[in-house]
Amino acid sequence: MPITAVAMFCGPHDEGDQTPTRRIDHAIRLSMQMGAPLFIAGDAFDGDEVRRFQARAWNAGVASAIQAFDPRHCTLADAQAVGRVILERRFDRLSRIHLVTDWWHMDRAALMLERELEEITGRRILVVPESVMTGPVPDQRVHRNELQ
């Protein structure tokens, strides 16, 4: 049986003045269903959002919600932060990560995460897409950039 975790990439802020919670809420549900640790990566707010989402996960009953913060706040940095946490915390038997992000961001995010996990940990960890299908749809320019 594979050893599994959930990873969630924060962002974007596309719902007005409210911090969107669609990604973290989806990640919390998955983490609790699987009894798996949850890595929370991203954040353009110096770690504040990651800390708030970690508290939200704990309050919902997630046993292990782990910050994976990198101040560069880009998808590549998020993927690298998750890889570093896996290495530092010695998740040596981890073989599968369920990645939570928006559907339009998934292809690029999953590819980056898979590549960075192998580069950082020295082993292949399967990335399973767990797309969030709700929320605003980005404009065509953003969507084209995501596909590059």
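Coordinates for the structure precede this section.
None of the values given here were measured: they were computed from a predicted structure. (Residues numbered from 1 in each chain as written. Predicted model: local features only at pLDDT ≥ 70, side-chain atom pairs only at ≥ 80, totals over all residues. Heavy atoms only, no water.)

Enquirer: An account of a nonpolar patch on the surface is requested, with residue identities and associated values reported.
Expert: Side chains of Trp103, Met133 and Val137 sit close together on the surface and give an oily, nonpolar patch of about 330 Å² of accessible area. Structurally, valine 137 is set in the loop between strand 5 (126–132) and helix 5 (140–147). Exposure remark for valine 137: the relative accessible area of 58% places this residue in the exposed category. (Patch = residues over 30% accessible without salt bridge, like charges linked within 9 Å, V, L, I, M, F, W, Y side chains within 5 Å. Areas by Shrake-Rupley, 256 points an atom, 1.4 Å probe, with all protein chains shown as cover. Salt bridge = Lys/Arg side-chain N within 4 Å of Asp/Glu carboxyl O. Helix = DSSP H or I, 4+ residues; strand = E, 2+ residues; numbered from the N terminus. Buried < 20%, exposed > 50% of the residue type's maximum accessible area, 1.4 Å probe, protein only.)

Enquirer: Before we move on, could you go through the packing of helix 3 (residues 75–88) against helix 4 (residues 103–121) and cite the residues and values that matter?
Expert: For the pair helix 3 and helix 4, interaxial distance at closest approach is 8 Å and the crossing angle is 40°. In this view, helix 3 runs oblique relative to helix 4, as classed from their interaxial angle. Handedness of the crossing formed by helix 3 with helix 4: right-handed. Contacts from Thr75, Leu76, Ala79, Gln80, Val82, Gly83, Arg84, Ile86 and Leu87 of helix 3 reach helix 4 at His105, Arg108, Ala109, Met112, Leu113, Glu116, Leu117, Ile120 and Thr121. For the contact of helix 3 with helix 4, a count of residues per class yields ten nonpolar, five polar and three charged. (Axes fitted to C-alpha atoms, helices over the stretch in contact; angles between N-to-C directions. Parallel < 35°, antiparallel > 145°, perpendicular 65-115°, else oblique. Left-handed = near helix turned anticlockwise from the far one by under 90°. Contact = heavy atoms within 4.5 Å. Nonpolar A, V, L, I, M, F, W, Y, C, P; charged D, E, K, R; others polar.)

Enquirer: Outline the pattern of salt bridges, supporting the account with residue identities and numerical values.
Expert: Two side chains of opposite charge can pair, provided their charged atoms sit close to one another. Taken as a whole, this structure holds eight salt bridges when the rule is applied. Measuring nitrogen to oxygen at the nearest pair gives 2.9 Å for the salt bridge that ties aspartate 102 to arginine 22. Residue aspartate 102 is located in strand 4 (residues 94–102), and its partner arginine 22 is located in helix 1 (residues 22–34); the two are separated by 80 residues in the primary sequence. Arginine 22 carries the same exposure label as aspartate 102, and that label is buried.

Enquirer: Please set out the sheet that holds strand 4 residue by residue, giving values where relevant.
Expert: The sheet built from five strands is open, its strands ordered 3-2-1-4-5 with parallel pairing. The sheet is open, and its two edges are formed by strand 3 (65–68) and strand 5, each paired on a single side. The average undirected angle you get between the axes of adjacent strands in this sheet is 25°. Strand direction decides the pairing type here: strand 1 (residues 3–9) and strand 2 (residues 38–41), joined by four bridges, are parallel. Bridge assignment links phenylalanine 9 to a residue of strand 2, and that residue is alanine 41. Helix 2 (residues 48–60) rests against strand 1, strand 2 and strand 3 of the sheet, and its axis sits at about 170° to strand 3. (Pairing = 2+ DSSP bridges.)

Enquirer: Which residues make up the nonpolar core, and what values go with them?
Expert: In this structure, Phe9, Phe39, Val82, Ile97, Leu99, Leu113 and Leu117 are the most contacted members of the largest nonpolar core, which totals 22 residues. At the level of secondary structure, the elements contributing two or more residues to this core comprise strand 1, strand 2, strand 3, helix 3, strand 4 and helix 4. Not counting residues up to four positions away in its chain, the partners in contact with leucine 99 are Ala7, Phe9, Met106, Ala109, Ala110, Leu113, Val127, Val128, Pro129 and Glu130. Counting 17 residues, the second largest nonpolar core, distinct from the first, contains Cys10, Ala57, Val100 and Val132. (Core = buried A, V, L, I, M, F, W, Y, C linked by side-chain atoms within 4.5 Å.)

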